[in-house]
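Next come the chains, spelled out residue by residue.
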Amino acid sequence: MADGEATPKKQGLAQAWAPGQSGNPAGRPKGSRNKLGEQFIEDLYADWQANGVETLQRVREEKPDQYLKVVASILPKDLNVNINQMDDLTDDQLVQRIRSLDSAIRPFLDAQRASDADGRTGSETAH
C-alpha cells in the first residue's frame, strides 16, 4: 500500500478527501498567515531602532568575523566595483585632474620642504 493510501486511516478517516476538497472548508482566515510576519517585522524594526547601532558596534569589536559575515551577506552577489575612475577620462581631463591635485597639495609640500630646511623632521608637521 502506498503512503498516500494509508493517510486516511492514520487520521481516523473512512476515506480520503475528494480532489479539490479540504479538511478545512472555511479555509484560513484572511491575513492570518501575514499577521505573524508583519508583527515580527514591526518588533524587529523597533528593536533595531533602540539597539541597532550599539549592537553593530559591539559585534564589530567582540566578534569581527561575525560582523564581516553580516556585511558580506548583505552585499549583492555580483558586485562590480570600478576602483579606477580614470578609465573614462580623456587625456586633457587627466592633465586637468593632475594639475588640480598638484595645486591642492602644493602648500603642504612647500611647508614640508621649509620645515626640512629648518632642520625639523616631517613627523612634526601637523595635518
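Scroll up to find the structure this text is about.
Keep in mind that this is a model prediction, so the values were computed, not measured. (Residues numbered from 1 in each chain as written. Predicted model: local features only at pLDDT ≥ 70, side-chain atom pairs only at ≥ 80, totals over all residues. Heavy atoms only, no water.)

Participant: Explain the overall build of the protein here, please?
Facilitator: Assigned secondary structure in the protein consists of 4 helices and 0 strands. Moving toward the C terminus, one meets the helices and strands of the protein in the order α-α-α-α. When each of the 127 residues of the protein is scored for burial, the buried share is 3%. Of the roughly 11800 Å² of accessible surface on the protein, a fraction of 55% belongs to carbon and sulfur atoms. (Helix = DSSP H or I, 4+ residues; strand = E, 2+ residues; numbered from the N terminus. Buried < 20%, exposed > 50% of the residue type's maximum accessible area, 1.4 Å probe, protein only. Areas by Shrake-Rupley, 256 points an atom, 1.4 Å probe, with all protein chains shown as cover.)

Participant: Teacher, can you tell me more about the pattern of salt bridges here?
Facilitator: If the charged atoms of two oppositely charged side chains come close together, the side chains can form a pair. One pass over the full model with this rule turns up 3 salt bridges. When the shortest N-O distance is used, the salt bridge between Arg-60 and Glu-61 registers 3.7 Å. Taking relative accessible area as the criterion, Arg-60 reaches 39% and is therefore assigned partly exposed. In this structure Glu-61 comes out as exposed when scored by relative accessible area, which is 58%. (Salt bridge = Lys/Arg side-chain N within 4 Å of Asp/Glu carboxyl O.)

Participant: Whenever I open this one, the side chain of Ser-115 confuses me. Can you help?
Facilitator: Mapped onto the elements, Ser-115 comes out in helix α4 (residues 91-117). On the accessibility criterion, Ser-115 (6% relative accessible area) is buried. Within the local environment of Ser-115, its side chain forms a polar contact with the backbone oxygen of Gln-112, the two atoms lying 2.9 Å apart. (Polar contact = N/O pair within 3.5 Å; in protein donor to acceptor, adjacent residues only side chain to side chain.)

Participant: Quick question: what am I supposed to make of α4 here?
Facilitator: Its 27 residues give α4 an end-to-end C-alpha distance of 36 Å, which sits within 8% of 39 Å, the value for a rise of 1.5 Å per residue. Remark: the principal bend of α4, roughly 40°, maps to Ile-105, with a proline, Pro-107, within the next four residues. (Expected span 1.5 Å × (residues − 1). Bend = angle between axes of the 7 residues up to and from the residue.)

Participant: Looking at this structure, I do not really get a nonpolar patch on the surface. What am I missing?
Facilitator: Taken together, the side chains of Phe-40, Ile-41 and Leu-44 define a hydrophobic patch exposed on the protein surface, amounting to about 320 Å² of accessible area. Within the fold, Phe-40 resides in helix α2 (residues 32-62). (Patch = residues over 30% accessible without salt bridge, like charges linked within 9 Å, V, L, I, M, F, W, Y side chains within 5 Å.)

Participant: Please clarify how a negative patch on the surface should be interpreted in this entry.
Facilitator: The grouping of Glu-38, Glu-42, Asp-43 and Asp-47 at the surface amounts to a negative patch. Structurally, the position occupied by Glu-42 is in helix α2. Since its relative accessible area comes to 48%, Glu-42 is described here as partly exposed. (Lys, Arg positive; Asp, Glu negative; His and termini not counted. Charge placed at Lys NZ, Arg CZ, Asp CG, Glu CD.)

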